[in-house]
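Observations on the model geometry
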Amino acid sequence: MGGELRYEITQNAYIKLVLHALKHKTSAVNGILVSRVSPKNDVVEIIDSVPLFHSQLGLLPQLEISLILIEEHFVTKGLNIVGYFHANERFDDHELGSLAKNVGDHIYRYLPQAAVLLLDNKKLGALSKTKDRSPVVQVAFMFLIFASRIWKLVGSDGNQLTIKEPSANVVLLDHISTEKWQDVVDFDDHLDDISKDWLNPELFK
Amino acid sequence: MVSKTEEAQLNRLESQVDNGGGGAWEYLCLVRKLKVRRSEKVLKYGMSILNDLSKRSSLGPEEWTLYEQVALAAMDCQCLDVAKDLIKLLRKAFPESKRVGKLEAMLLEAKGSWAEAEKAYSSLLEDSPLDQVVHKRRVAMAKAQGDTSGAIEWLNKYLEIFMADNDAWRELAEIYVSLQMYKQAAFCYEELILAQPTVPLYHLAYADILYTLGGLENIQTAKKYYASVIDLTGGKNIRALFGISLCTSAIAQLAKGRNKEDKETSELQSLVATALEKDYKQRAPDKLSLLTIALKNLKVSS
């Protein structure tokens, strides 16, 4: 059950997703979470993330192609797709929409530890004012309730999701002030120009 | 819609201004002409001109156009005080103007005073019922409040009057896609393709939606539209090439047992694979092996 598992996300994976959302302030964005197949069964380590799209998120062909290529790339490194990240179009929308739920369902079918992360815009906006170390994402896990599966958002102030490096939010704020989001490449950018690399290898160098 | 050359020209100007090479006014005029949304830059460079007395007076009557442009950009960036000041100055200069009235209503909207903005827009529409901008602001307000069904309703009403507004059809299609109402989105693209049959973007989106809807017939039609995108773009559109691979794979799975399409399908599949591999080899060689495996998997699964 998703309730007892802890999720830990690395700074790079975390910042990449938030920067992607900041690059496309006027639209919804999504991304994929990648984890190591961990020998310890109580912690899921989200090692990396791949930003996917910033337009027409509901279309299947681009999603299928991206999942095929992402899966193929990471499986050779002993990593697999463990979850989905979504940032809503509107600032005050904190609900997990049906689209995010559907993609989450799809990933859950392959991996029962699947998690869905939803960007918490309020927290992101307040980041510069608080010294909060908790991540600006809400985590949703699949809960089995009354034999029907629903995605339930769990507050990140519990121990459910932590960032591996404690200074991650400070680094994030720094990147925001230098407009680092301009360098983030997502799958949409790749499909428009394949010379752009969705792995973002140079982003944090 | 902006063409690639226009976008390149705009980006060139933008980086010229960014790097201190001047040309801010040309940049702002181009942004206005192409109707693109670059609010942060417009605000920054617009204000730098407006705050410089000599630059401002050299604009002559164009000064007011700049006020308007920067006010809109300021509202988009939520710099409402800046917008308020600019609009006040415009109001002083043009006391009877409906155009300024529109900006004042938009300021209410930007503040989130929905009811007041709605009143302002309604009264503007009473005087000029065919004002497209105000109609669209209504849709935008509904969207901003999360009232997607309201936005759809307003947008449909708008399209009954202005059925040639292709951007509106696209906006409606995008709203439908975000709500996973694919049949309705498909209808919008059908209208767009009828209106402008040589725009590959519409064929591509239509194909994507048909594929998403699924089912053998839809996917076969999707394949035809991906093919027409390839035709219209001279084979340069990667999404269409991938689209065809996905379609042929899906069709083969769905049509198991019906053998008539086999030869044509596998020919098409290998043509597409060759085109993709050639492109990746040239422009993204480190992703080439990944692509080859992916294409092989698509073939195997079919």
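Residues numbered from 1 in each chain as written. Chains lettered and ligands numbered in written order. Predicted model: local features only at pLDDT ≥ 70, side-chain atom pairs only at ≥ 80, totals over all residues. Heavy atoms only, no water.

Remarks on the packing of helix 13 (residues 200–213) of chain B against helix 14 (residues 216–233) of chain B
Residue and element names in this part refer to chain B. Interaxial distance between helix 13 and helix 14 falls to 8 Å at its minimum, and their mutual angle equals 160°. Comparing the axis directions of helix 13 and helix 14 gives the class roughly antiparallel. The element helix 13 and its partner helix 14 pack so that their crossing is left-handed. Contacts from Pro 200, His 203, Leu 204, Tyr 206, Ala 207, Asp 208, Leu 210, Tyr 211 and Leu 213 of helix 13 reach helix 14 at Asn 218, Ile 219, Thr 221, Ala 222, Tyr 225, Tyr 226, Ser 228, Val 229, Leu 232 and Thr 233. (Axes fitted to C-alpha atoms, helices over the stretch in contact; angles between N-to-C directions. Helix = DSSP H or I, 4+ residues; strand = E, 2+ residues; numbered from the N terminus. Parallel < 35°, antiparallel > 145°, perpendicular 65-115°, else oblique. Left-handed = near helix turned anticlockwise from the far one by under 90°. Contact = heavy atoms within 4.5 Å.)

Side note on the domain arrangement of chain B
The assigned domain composition of chain B is domain 1 (1–94) and domain 2 (194–302). When each unit is reduced to the centre of its C-alpha atoms, the spacing between domain 1 of chain B and domain 2 of chain B is 42 Å. (Domains from an automatic or database assignment.)

Observations regarding the pairing of strand 2 (residues 29–36) of chain A
Residue and element names in this part refer to chain A. Counting buried positions over the eight residues of strand 2 gives seven, a clear majority of the element. Relative to strand 4 (residues 79–87), strand 2 runs antiparallel, the two being bridged by eight bridges. If you follow Ser 35 over to strand 4, its bridge partner there is Asn 80. Bridge analysis of strand 2 against strand 3 (residues 43–51) gives five bridges, and the strand direction is antiparallel. Bridged to Ile 32 within strand 3 is Val 50. (Buried < 20%, exposed > 50% of the residue type's maximum accessible area, 1.4 Å probe, protein only. Pairing = 2+ DSSP bridges.)

Some points on the packing of aromatic side chains
Enumeration over the complete set of coordinates arrives at ten aromatic pairs over all chains. With centroids separated by 6.3 Å and ring planes inclined at 85°, the aromatic side chains of B:Tyr27 and B:Tyr45 adopt a geometry described as edge-to-face. Taken together, the positions of B:Tyr27 in helix 2 (residues 24–34) and B:Tyr45 in helix 3 (residues 39–50) put the pair 18 residues apart, joining distant regions of the chain. On the basis of relative accessibility, which here comes to 0%, the residue B:Tyr27 falls in the buried class. The rings of A:Phe53, A:Phe187 and A:Trp198 are connected pair by pair, giving a single aromatic cluster. Directly above the ring of A:Trp198 sits B:Lys287, whose terminal nitrogen or CZ lies 5.1 Å from the centroid. (Phe/Tyr/Trp six-rings, centres within 6.5 Å; stacked < 30°, edge-to-face > 60°. Lys NZ or Arg CZ within 6 Å of the ring centre and 35° of its normal.)

Topic: the nonpolar core
If you look at the biggest cluster of nonpolar residues, it comprises 88 residues, and the most contacted ones within it are A:Ile32, A:Ile70, A:Phe187, A:Trp198, B:Tyr226, B:Phe242 and B:Leu276. It is helix 15 (residues 238–254) of chain B that contributes the most residues to this core, nine residues altogether. Once residues lying within four places of it in the same chain are set aside, the contact partners of A:Ile70 are A:Ile32, A:Val50, A:Leu52, A:Ile81, A:Phe187 and A:Trp198. Ranked by size, the runner-up nonpolar core spans 39 residues in total, among them B:Leu30, B:Leu86, B:Ala105 and B:Tyr121. (Core = buried A, V, L, I, M, F, W, Y, C linked by side-chain atoms within 4.5 Å.)

A short note on the UniProt feature "domain: EMC2 TPR-like" (unreviewed entry) in chain B
Those residues carrying the UniProt feature "domain: EMC2 TPR-like" (unreviewed entry) are residues 99–209 of chain B in this numbering. Strand forms 0% of residues 99–209 of chain B and helix 82%; the C-alpha atoms that close the span are 39 Å apart. (UniProt positions renumbered as here; feature names shortened; annotations may be inferred.)

Remarks on the layout of surface pockets
All names here are of chain A. Taken as a whole, the second largest pocket holds about 710 Å³ of empty space. Elements that contribute at least two residues to the lining of the second largest pocket include exactly helix 2 (60–75), strand 4 and helix 3 (98–110). Here the lining of the second largest pocket is built from residues that sort into 13 nonpolar, seven polar and four charged. (1 Å grid on protein atoms, 1.4 Å probe; cavity = no way out; pocket = protein on both sides within 12 Å on 5 of 7 lines; lining within 4 Å. Points joined across faces, edges and corners; volume = space filled by probe spheres on them. Nonpolar A, V, L, I, M, F, W, Y, C, P; charged D, E, K, R; others polar.)

A closer look at the interface of chain B and chain A
The partner chain A presents 29 residues to the 33 residues of chain B that form the contact. Interface area, chain B with chain A, both sides summed: about 2700 Å², of which 59% is carbon and sulfur. Contact with chain A buries surface across chain B, with B:Arg239, B:Lys287 and B:Leu290 losing the most and accounting together for 22% of the total. Our enumeration of links across chain B and chain A arrives at six salt bridges. A:Asp197 serves as the salt-bridge partner of B:Lys287, at 2.5 Å between the closest nitrogen and oxygen. (Buried area = accessible area lost by both parts, 1.4 Å probe. Salt bridge = Lys/Arg side-chain N within 4 Å of Asp/Glu carboxyl O.)

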